[in-house]
Amino acid sequence: MLAPIYNPHSEAPSPSLSIRKMAKPAYLPRLLFFTLLFSSSSSIALASSRSLPTSSVAATTVLDVSASVRNTLHVLALDPNTTPLRQREEAQPSSSSSSSSSSSSSSSSSSSSLTLQLHSRASLRRPSQRDYRSLALARLERDSARAKSLAARLDLAVDGIAKSDLKPLDAGAQREAGAQGFESPVVSGTSQGSGEYFSRLGVGDPPSQVYMVVDTGSDVNWVQCAPCADCYQQADPIFEPASSASFSPLACDTRQCRSLDVSECRNGSCLYQVSYGDGSYTVGDFVTETITLGSTRLRDVALGCGHNNEGLFVGAAGLLGLGGGSLSFPSQINASSFSYCLVDRDSDSASTLEFGSPLPPNAVTAPLIRNPHLDTFLYLGLTGISIGGDPLQLPGAAFQLDRGGGGGIIVDSGTAVTRLRSEVYEAMRDAFARGTRGLPAAEGFALFDTCYDLSSKGSVEVPTVALRFGDGKEWALPAKNYMIPVDSNGTFCFAFAPTSSALSILGNVQQQGTRVAFDLRRSLIGFVPNKC
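Residues numbered from 1 in each chain as written. Predicted model: local features only at pLDDT ≥ 70, side-chain atom pairs only at ≥ 80, totals over all residues. Heavy atoms only, no water.

Enquirer: Go over the sheet that holds strand S23 (residues 441-442), please, and point to the residues and values.
Expert: Spatially, the four strands line up as an open sheet ordered S23-S24-S29-S28, and their pairing is antiparallel. The open sheet terminates on both sides in strands that have one partner only, identified here as S23 and strand S28 (483-485). Note that S23 and strand S24 (residues 451-453) share two bridges and pair antiparallel. Bridge pairing links Ala441 to Tyr452 in S24. (Pairing = 2+ DSSP bridges. Helix = DSSP H or I, 4+ residues; strand = E, 2+ residues; numbered from the N terminus.)

Enquirer: So what about the nonpolar core? Which residues, and what values?
Expert: In this structure, Leu353, Phe355, Leu380 and Tyr482 are the most contacted members of the largest nonpolar core, which totals 75 residues. The greatest single-element share of this core, amounting to five residues, is contributed by helix H7 (residues 422-434). Setting aside residues no more than four positions away along its own chain, Tyr482 makes contact with Thr61, Phe432, Val462, Pro463, Thr464, Val465, Leu477, Cys493, Phe494, Ala495, Phe496 and Gln510. Within the second largest apolar cluster, 20 residues are counted, among which are Leu76, Phe445, Ala497 and Val509. (Core = buried A, V, L, I, M, F, W, Y, C linked by side-chain atoms within 4.5 Å. Buried < 20%, exposed > 50% of the residue type's maximum accessible area, 1.4 Å probe, protein only. Contact = heavy atoms within 4.5 Å.)

Enquirer: Which residues make up the state of the cysteines, and what values go with them?
Expert: Under the definition given, this model contains six disulfides. One disulfide bridge connects Cys252 with Cys265, the sulfur atoms lying 1.6 Å from each other. Across the S-S bond of Cys252 and Cys265 the torsion is about 110°, and the bridge reads as right-handed. Of this pair, Cys252 sits in the loop between strand S9 (248-249) and helix H5 (255-258) while Cys265 sits in strand S10 (residues 263-266), placing them 13 residues apart in sequence. Cys265 sits in the partly exposed class, given a relative accessible area of 39%. Shown here is the disulfide that connects Cys341 with Cys532, its sulfur atoms set 1.7 Å apart. Across the S-S bond linking Cys341 and Cys532, the dihedral sits near -70°, which makes this disulfide left-handed. On the criterion of sequence distance, the pair formed by Cys341 in strand S15 (residues 337-341) and Cys532 in the segment after strand S33 (524-529) is long-range, its members being 191 residues apart. What makes Cys341 buried here is its relative accessible area of 0%. Relative accessible area serves as the criterion here: at 47%, Cys532 is assigned to the partly exposed category. When the cysteines engaged in disulfides are numbered in sequence order, the chain pairs them as 1-8, 2-3, 4-6, 5-7, 9-12, 10-11. (Disulfide = S-S within 2.5 Å.)

Enquirer: I'd like to hear about the pattern of salt bridges, residue by residue, with values.
Expert: In this structure the tally under the stated criterion is 14 salt bridges. Of the charged contacts, one joins Arg153 and Asp261 as a salt bridge, the two residues approaching to 3.8 Å between their closest N and O atoms. Owing to a relative accessible area of 16%, Arg153 belongs among the buried residues under this scheme. Residue Arg200 is joined to Asp236 by a salt bridge in which the shortest nitrogen-to-oxygen separation is 2.9 Å. Here the residue Arg200 occupies a position in strand S6 (residues 196-203), and Asp236 occupies one in the loop between strand S8 (222-224) and S9, the gap between them amounting to 36 residues. The class for Arg200 is buried, based on a relative accessible area of 13%. With relative accessibility at 11%, the residue Asp236 sits in the buried group. By sharing partners, the salt bridges in this structure join Arg146, Asp215 and Asp412 into a single network. (Salt bridge = Lys/Arg side-chain N within 4 Å of Asp/Glu carboxyl O.)

Enquirer: Account for the sheet that holds strand S19 (residues 384-387), with residues named and values stated.
Expert: Strand order in this open sheet of four strands is S20-S19-S26-S27, and the pairing throughout is antiparallel. Each of the sheet's edge strands pairs with one partner strand only, and the pair in question is strand S20 (390-391) and strand S27 (474-476). Two strands pair when backbone bridges link them, and S19 and strand S26 (residues 465-468) are joined in this way by four bridges, in the antiparallel orientation. What sits directly across from Gly384, in S26, is Arg468. Each of S19 and S26 touches H7; the most contacted strand, S19, lies at about 15° to it. (Axes fitted to C-alpha atoms, helices over the stretch in contact; angles between N-to-C directions.)

Enquirer: A description of the packing of aromatic side chains should follow, citing residues and the corresponding values.
Expert: Summed over all chains, the structure comprises 13 aromatic pairs. For the pair Phe329 and Phe355, a centre-to-centre distance of 5.2 Å together with 70° between the ring planes defines the contact as edge-to-face. Here Phe329, found in helix H6 (residues 329-332), pairs with Phe355, found in strand S16 (residues 350-355); they are 26 residues apart in sequence, far enough to count as distant. Residues Phe338 and Phe355 carry aromatic rings whose centres are separated by 6.2 Å and whose planes lie at 35° to one another, so their mutual orientation is tilted. Residue Phe338 is located in strand S15, and its partner Phe355 is located in strand S16; the two are separated by 17 residues in the primary sequence. Under the relative-accessibility criterion, Phe338 is labelled buried at 1%. (Phe/Tyr/Trp six-rings, centres within 6.5 Å; stacked < 30°, edge-to-face > 60°.)

Put into structure tokens, the structure is as follows:
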């Protein structure tokens, strides 16, 4: 059995670049006092094997080793100028001509299904790394920053600490040179290390076409704007507010301005600031604009017009927030639902991001749970995990959101690797290792402690990993979603990681190739494999 390597993540508060000049607060670590009452017969509530229903999924799944290794070579050789994405861009009409043929609709009314293309960042920009091992290391480093920032954000919310109470930290060391049915394409963004996916949409009137990061862990929508005090490099020209007839600054007393975590007033206009805890931030004017998805125009969508931006968004012009808060894009357009299918992170293919489409009838569904302490995160009603057809014995509260707002597991499009509480991860890892004793072991890699040398294999059978929900429902993951290559020489690792945080995260590597649907009216999350 492979020995565990403990990799606890720190849970420092998220840095915040406040618009206001504030005194540094005395930030003391919170002290948690628990009274633990244990009976002599049990010290922790574990589900007994007799109470766990037998898994209905196959015990093993085939991993196509050769295909995965080919993909590692493919992503390094991609030329964004010749990808299908670039060819589709060149075939699109110009901003002004597309504006004249666009249909108009209000952001507060319902319309027919809206669809956007969803792409991987490999389609936008060639990786700067020369080999796949270096690319994998860069991805995992930034993914760790993302996971830490989400955990820190929840800790602050649970502790009742506002972001505006925190003194800014120096981010220099972490910088990098009523709608029913709309759709947009989704692209994988991990080739720059951020683990993000992108959609292309129009901002302004006439619309300027830009790429936006798609993020279920954020609410505030924003785009880089001229004039730039500090803007990072993006694939498209910087948005010019002066060229848009629908650009309108928001007043400080508006509902949208008051909904921001951090805001300030300047000459009666609302300023916003969002920091992501990993050195990424955006600061600027909070405005309303027209957003164009295909032929549908949505007016008066609140978004940030960022004049000072820094972070892990290279290639994209800004961010489309898909979280559960009032400022998120689904909330502003009154979407009853939205769904996406994330393409392979090493692919230049595209899928779709859809708003208003019904939950597929064959979806494996689970409860969508909300946290009263932080409405942004979308929590999954996960009840257990099975490995090789055998349900794991786990603590009864392993995935539960507690009364104080801690714990639980969120579905996140921006985190790559699924994080699980240490005791859950270790049980899962050990069960998987027992089922792969016949495979040659390799050294650990970054945050992965269970790796294999499959250089001599064309394909292998591995234990099936399945997520379990209520009423006996299960979602079996494809083998390529949890056995991933970390170089081009055949080294594969078990793609889950432990966290010392009480918050677990279902990452985008595990979601790849599956349509993930959020029914906001009925509070359900659905999973439909092979539906991209």
